[in-house]
Each structure stands twice: as structure tokens, then as C-alpha cells.
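# Summary of the model geometry
One letter stands for each residue in the lines below.
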Amino acid sequence: MYFGESSAIVTGGASGLGFSTAQRLARRGARVVVVDLPDAQGTTTRADAVASLGEDAVFVPGDVRDPDVAATAVERAATGERGGLRRPLRVLVNCAGVADPGKLLSKRGPLSYEAFMHVLSINAGGTVNFMTHAAEAMAGEELDGEDRGVIVNTASVAAYDGQIGQIAYSASKGGVASLTLPAARELAASQIRVMTIAPGVFETPMVAGLPDAARESLSSKTPHPARLGQPADYSLLVEQIIENSMLNGEVIRLDGAVRLEPR
């Protein structure tokens, strides 16, 4: 796939794994549409991050669960022009998500239905929302090599070995992992591939705020390399997935062989 003639959407693309992915795709020449929540005081901070990607990057602030936000992002990507050339939507990377903790039974009482569904609606529902809109646009495009488009979703190793307090998070990421194969089988008729990455313990804004001792403890849990995963590790795999047409219908653990302990 020739990036310079394509557009890409990255949800959660203003920070962390998503921003690294947006940077990499922009460097390869793709027109990148970043979807992320607006900042509390407006869109300045996240909009500035997207602006750093280049004049061709677009920021669409909004909630990934909102069908109108997905439709707007797809429209901005699929109809974008640069130099008089239309660049079709070829890539969707879903990175947006939340990791709100919650036990079935805690000192505050049972896990509420609302708290559980909040996480599922963003992590699983938001992913599917963007998949449906992007797939519809991709299916109407001409083939680029063997593909019309590629969808890359983000699960987590918590889908397989979730820790205590990750009931909602593990369920949501397990849902993203489980939908990979049926989605790939369905969209194969349109020559659209679907892959999922399940990151391990990565350097994210949340982890960056932990004390040094806590960060070192997390790093030591990964057998090799004994470090936190970097956003560039994730975005490199996204790039490799896009370029390798035989990667389809699979979940790849990107974790340095880590297996999460119960706590």
C-alpha cells in the first residue's frame, strides 16, 4: 500500500500509542485524521499535538461512541485532497480507550452496571462504531495492491491474563480480541483486512506519572526486553501490519513475553 496516496484515521491519536501511530503514518506520507476527546478548556492542547503532524493532518474532537463523530472522521479522510489528488481512506487504527479499575466486590460495594458498561461502550463499542463507518468507505474504493483497506484494533494482554480490578477492562479488550476473526472473515469479501494488537506493559501517560520505583517494578516483569514497551514499538507493528497483506484475522501480543500476575 502506497501511504502517500492514502488517508488514515487514528482514534485516541493525540497521545500515547495513537499519537506515535499518527506520527509514523504521517511520516510515510499518509493524510492522518486524528480523533480524540476535546480538552476540558477547549481543543488547544490536543489540536496542537495534531498540528505538529503537518499541515495535512486533521483533528476531529469527539467521543468515539458517537456515530456522528465517526461519520465526520470518515468524511474528512475519504474526501480530503492535497495537490488536487483525492486520497481514499485505506487505514483505520483504533487506539482510543479507558482503563477504569473496578472489582466485583470492593469496599465501596459491588461493581455497578453503569461503571462496567461505561468501559465496554468506549473500548468495544467505540471500536466497532469506527470499524463500521470506515469499512463502508473502504469497500467502495479501488484495490491498492491486494487490499482496499486495513483495520487495526487495540486489545490488551489483559484480555488473556487480566488482573484483579480489571473486570470491565479485561471484558472490553477480550471483546475486541474476539471480534477480530469474524470481522476479518466478513470483510474479506471486500478485500479489507482486520488485525488486533494486544500490548503488554507500555509507557503511557498513566504509567509515566507513577513513581520511579513503581515504573521499575513494572519494567522488571517483562522477561525480554526488560523494559516498558514504547509507543514506537506499537506504531512499528501497525506499519508492518499495513504492509504485509498476509496478516489478517489475528491478534498479536506485543508484550516481551510478559504474563500479568493476579495483582
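Residues numbered from 1 in each chain as written. Predicted model: local features only at pLDDT ≥ 70, side-chain atom pairs only at ≥ 80, totals over all residues. Heavy atoms only, no water.

As recorded in an unreviewed UniProt entry, the chain goes by SDR family NAD(P)-dependent oxidoreductase and comes from Candidatus Nesterenkonia stercoripullorum. Quoted verbatim from the Sequence similarities (unreviewed entry) heading of the UniProt record, the comment on the chain is "Belongs to the short-chain dehydrogenases/reductases (SDR) family." (UniProt positions renumbered as here; feature names shortened; annotations may be inferred.)

## Overview of the packing of helix H1 (residues 16–27) against helix H9 (residues 231–243)
As a packed pair, H1 and H9 sit with axes 8 Å apart at the nearest point and diverge in direction by 50 degrees. The angle between the axes of H1 and H9 places the two elements in the oblique class. As H1 runs across H9, the sense of the crossing is right-handed. In this structure, H1 contributes Gly16, Leu17, Ser20, Thr21, Arg24 and Leu25 to the contact, and H9 contributes Pro231, Ala232, Tyr234, Ser235, Leu236, Val238, Glu239 and Ile242. Here the residues of the contact of H1 with H9 are counted per class, giving eight nonpolar, four polar and two charged. (Axes fitted to C-alpha atoms, helices over the stretch in contact; angles between N-to-C directions. Helix = DSSP H or I, 4+ residues; strand = E, 2+ residues; numbered from the N terminus. Parallel < 35°, antiparallel > 145°, perpendicular 65-115°, else oblique. Left-handed = near helix turned anticlockwise from the far one by under 90°. Contact = heavy atoms within 4.5 Å. Nonpolar A, V, L, I, M, F, W, Y, C, P; charged D, E, K, R; others polar.)

## A word on the pairing of strand E1 (residues 7–11)
Of all the five residues making up E1, five are buried; the element is thus mostly covered by neighbouring parts of the structure. Alternating positions in E1 separate into two faces, Ser7, Ile9 and Thr11 on one and Ala8 and Val10 on the other, with burial throughout. The pairing of E1 with strand E2 (residues 31–36) spans five bridges and is parallel. Bridging across to E2, Ile9 finds its partner in Val33. Since E1 and E2 lie parallel, the crossover through H1 that links them has a hand, and here it is right-handed. Two strands pair when backbone bridges link them, and E1 and strand E6 (residues 89–94) are joined in this way by five bridges, in the parallel orientation. Looking across to E6, one finds that Val10 is bridged to Val93. (Buried < 20%, exposed > 50% of the residue type's maximum accessible area, 1.4 Å probe, protein only. Pairing = 2+ DSSP bridges. Right-handed = clockwise from strand over helix to strand, strands pointing away.)

## A look at the nonpolar core
Counting 29 residues, the largest nonpolar core has Ile9, Val35, Leu89, Leu92, Phe130 and Ile151 as its most contacted members. Those elements giving two or more residues to this core turn out to be E2, strand E3 (58–61), helix H3 (67–78), E6, helix H4 (113–139), helix H6 (167–187) and strand E10 (192–199). The element that contributes the greatest number of residues to this core is H4, accounting for seven residues. Apart from residues no more than four positions distant in its own chain, Leu92 is found in contact with Ile9, Thr11, Phe130, Met131, Ala134, Met138, Val150, Ile151 and Val152. (Core = buried A, V, L, I, M, F, W, Y, C linked by side-chain atoms within 4.5 Å.)

## Details of the layout of surface pockets
The calculated volume of the second largest pocket comes to roughly 170 Å³. For the lining of the second largest pocket, the secondary-structure elements that each account for two or more residues are H4 and H6. By residue class, the composition of the lining of the second largest pocket is seven nonpolar, one polar and one charged. (1 Å grid on protein atoms, 1.4 Å probe; cavity = no way out; pocket = protein on both sides within 12 Å on 5 of 7 lines; lining within 4 Å. Points joined across faces, edges and corners; volume = space filled by probe spheres on them.)

## Remarks on a nonpolar patch on the surface
A grouping of Leu104, Leu105 and Ile167 is seen on the molecular surface, where their side chains present a nonpolar patch of about 320 Å² in accessible area. Within the secondary structure, Leu104 sits in the loop between E6 and strand E7 (105–106). Taking the relative accessible area as the measure of exposure, Leu104 reaches 54% and is therefore exposed. (Patch = residues over 30% accessible without salt bridge, like charges linked within 9 Å, V, L, I, M, F, W, Y side chains within 5 Å. Areas by Shrake-Rupley, 256 points an atom, 1.4 Å probe, with all protein chains shown as cover. Salt bridge = Lys/Arg side-chain N within 4 Å of Asp/Glu carboxyl O.)

## Overview of H1
When the terminal C-alpha atoms of H1 are compared, their 17 Å separation across 12 residues agrees well with the 16 Å that a helix rising 1.5 Å per residue should span. Along H1, the residues classified as buried are Leu17, Gly18, Phe19, Ser20, Thr21, Ala22, Arg24 and Leu25. Buried residues belonging to H1 abut E1, E2, helix H2 (44–51), E6, E10 and H9. Downstream of H1 by one or two residues, Gly29 has phi in the positive range, about 100 degrees. (Expected span 1.5 Å × (residues − 1).)

## Re the environment of Arg65
Mapped onto the secondary structure, Arg65 falls in the loop between E3 and H3. Given a relative accessible area of 33%, Arg65 falls into the partly exposed group. It is 8.0 Å that separates the C-alpha atoms of Arg65 and Thr127, two residues lying 62 residues apart in sequence. Contacts of Arg65, omitting those with residues within four sequence positions, involve His118, Ser121, Ile122, Gly126 and Asn129. Of note is the side chain of Arg65, whose polar atom sits 2.7 Å from the side chain of Asp63. Separated by 3.1 Å, the side chains of Arg65 and Ser121 make a polar contact. (Polar contact = N/O pair within 3.5 Å; in protein donor to acceptor, adjacent residues only side chain to side chain.)

## Examining the sheet that holds E1
Pairing within the open sheet is parallel, and its seven strands lie in the order E3-E2-E1-E6-E9-E10-E11. Of all strands in the sheet, those with a lone pairing partner are E3 and strand E11 (251–254), marking the two edges. Taking each pair of neighbouring strands and ignoring which way they run, the sheet shows an average axis angle of 20 degrees. Sheet topology note: the E6/strand E9 (residues 149–154) ladder contains four bridges and is parallel. Paired with Val91 across the two strands is Val150, which belongs to E9. Along the sheet, H1 makes contact with E1, E2, E6 and E10, crossing E1 at roughly 170 degrees.

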